[in-house]
Amino acid sequence: MMSTARVKIKSSDKSIKGGSPLIVSDAVSYVDKGLAEGTIIEAVDESGKFIGKGYYGKQNKGIGWILSRNPKERIDQSFFEKKLKAAFKDREPFFEDPLTTAFRVFNGEGDGIGGVTMDYFDGYYVINWYSEGIYQFKEFILQALRNLTDFKGIYEKKRFAEKGTYIEDDDFVEGERAQFPLIVQENGIHFATYLNESAMVGVFLDQREVRKAIRDKYSEGKRVLNTFSYTGAFSVAAVLGGAVKTTSVDLANRSRSKTQEQFSINGIDYESQDIIVEDVFNYFKYAVRKKLLFDLVILDPPSFARSKKHTFSAGKDYPALLEQAIAITEKNGVIVASSNCSTFGMSKFKGFIEKAFRQTGGKYKILEEHRLPEDFKTIKEFREGDYLKVVILKKLP
Ligand code: SAH
């Protein structure tokens, strides 16, 4: 792990020299073949001048991350501890909030170390490793956690199998094992989490502010359709906000029992809500046939999904998805359009909305916009890290 290698960056590169920490393979003119994951690397320009140092670790389009622009800085225990300490300090308001016990405590490059994130769940930490390279620094990061926190337990997700998928394993690392479901809170909403089941633990923490908005401003007396509902987190927020009825639609079988559980732990009778295990695109057709209309429609599809009949790619198919949602939204109804796809930004996303309404011949008004919440810290030099786009809009008559 402690060997060092040089990586040459093309003179045409602007992004790394401009401060982006991701070493994209397209920007590299030379790198030793067969470098071990976790090798410390020094990025230099074509003339050999120092740009930054970091580690070798393959992740999507990158071969590693720059961790420091200071040639003298050592990538050692104290480096990791310093970064974690600063990140924890930033999250103090979250640690102190009794109504929110789950949040992100370390957000990769946003907190100075690309390739690793860490979430807090009521005393337990879940570390996400995005490359085998960063995994080589595991002991430094664990030691930093031991020094800085009195955690109950630590879990990990190794997200670096082929194509970045998750390696199925016992995710428990150390401390005490949690009892599952581990119930956490977010602005007073309860969520059942399972830190040791799969890559997804039951709730996506980056949507906290959107759930709050749905509960506090858009649900009272409304009929709500939540598509791609997963464990029904948005539906729970809607019922707590006074929705008369929610309909949650997700293709995955597990979504039914998971959604029932999220309702139950919030004191909601799940029998009074509709939970439908079905392809959303079929459900839209059914709703049109039955002339169903909703006052609030939530769209939060994955960036890419393949079902039996459909392939959905957000960058291409979002406008068509929206068109179908518009068709079953009541006049003056509200649509929550969300995308976590990192290949396009907010302005392109708004273009999708514009296009969908142009196709349907309708008018709309944007009520609010959301990006990643504060605990999902991002840096302006790495815009792909700022992936979340949520637009809440009103369908005008
Ligand atoms: N909105 C959710 C997160 C969505 S995750 C939340 O707030 O927690 C994406 C979900 O989309 C997954 O649960 C997956 O099963 C579901 N999904 C993917 N393709 C689908 C399709 N064609 N129809 C219905 N659900 C789909």
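Residues numbered from 1 in each chain as written. Predicted model: local features only at pLDDT ≥ 70, side-chain atom pairs only at ≥ 80, totals over all residues. Heavy atoms only, no water.

**A word on helix H8 (residues 280-289)**
Okay, step 1: Burial in H8 covers these residues: Val280, Phe281, Tyr283, Phe284 and Ala287. Looking straight down H8, one finds its buried side chains confined to an arc of 155 degrees; they lie on one side.
Okay, step 2: Packed against the buried residues of H8 are strand S14 (223-227), strand S15 (245-250), strand S16 (274-277), strand S17 (294-299), strand S19 (311-313) and helix H9 (314-327).
Okay, step 3: Measuring from the backbone nitrogen of Phe281 back to the side-chain oxygen at the start of H8 gives 2.9 Å, which picks out Asp279 as the cap.
Okay, step 4: After H8 finishes, the residue Lys291 shows a positive phi value of roughly 55 degrees. (Buried < 20%, exposed > 50% of the residue type's maximum accessible area, 1.4 Å probe, protein only. Helix = DSSP H or I, 4+ residues; strand = E, 2+ residues; numbered from the N terminus. Arc of directions from axis to C-beta. Contact = heavy atoms within 4.5 Å. Polar contact = N/O pair within 3.5 Å; in protein donor to acceptor, adjacent residues only side chain to side chain.)

**Observations concerning the pairing of S17**
Okay, step 1: With six of six residues buried, S17 lies mostly within the body of the structure.
Okay, step 2: Taken together, the four bridges between S14 and S17 define a ladder with parallel strand orientation. Directly across from Val224, in S17, lies its bridge partner Leu296.
Okay, step 3: As defined by bridge partners, S17 adjoins strand S20 (residues 329-339) across five bridges and the pair is classed as parallel. Each bridged residue has a counterpart across the sheet, and for Val297 the counterpart in S20 is Ile335. (Pairing = 2+ DSSP bridges.)

**Things to note about the packing of aromatic side chains**
Okay, step 1: Within the structure shown, the criterion is met by 28 aromatic pairs.
Okay, step 2: Each ring, one from Tyr120 and one from Tyr125, has its centre 5.3 Å from the other, and the planes form 75 degrees; the classification is edge-to-face.
Okay, step 3: Among the aromatic side chains, those forming a connected cluster through ring pairs are Phe88, Phe94, Phe95, Phe103, Tyr120 and Tyr125.
Okay, step 4: Positioned above the aromatic ring of Phe344, the side-chain terminus of Lys389 is 4.8 Å from the ring centre. (Phe/Tyr/Trp six-rings, centres within 6.5 Å; stacked < 30°, edge-to-face > 60°. Lys NZ or Arg CZ within 6 Å of the ring centre and 35° of its normal.)

**With respect to the site of the ligand**
Okay, step 1: Lining the immediate surroundings of the ligand are 16 residues, of which Phe228, Asp250, Leu251, Val280 and Asp300 lie closest.
Okay, step 2: One of the side-chain nitrogen or oxygen atoms of Arg254 is found 3.4 Å away from an oxygen atom of the ligand.
Okay, step 3: Within the backbone of Val280, an N or O atom sits 2.8 Å from a nitrogen atom of the ligand.
Okay, step 4: If the ligand stood free it would expose 580 Å²; the protein chains cover 91% of that surface.
Okay, step 5: Among the residues making up the shell around the ligand, the classes are represented as ten nonpolar, one polar and five charged. (Near = heavy atom within 4 Å. Areas by Shrake-Rupley, 256 points an atom, 1.4 Å probe, with all protein chains shown as cover. Nonpolar A, V, L, I, M, F, W, Y, C, P; charged D, E, K, R; others polar.)

**Things to note about the environment of Gln359**
Okay, step 1: By the secondary structure assignment, Gln359 is in helix H10 (residues 346-360).
Okay, step 2: Residue Gln359 is classed as exposed on the basis of its relative accessible area of 52%.
Okay, step 3: For the pair Gln359 and Ser15, spaced 344 residues apart in sequence, the C-alpha separation works out to 37 Å.

**Describing the environment of Ile51**
Okay, step 1: You can see Ile51 is positioned in strand S5 (residues 50-59).
Okay, step 2: Look at Ile51 and you get buried, because its relative accessible area is 11%.
Okay, step 3: For the pair Ile51 and Ile326, spaced 275 residues apart in sequence, the C-alpha to C-alpha distance is 49 Å.

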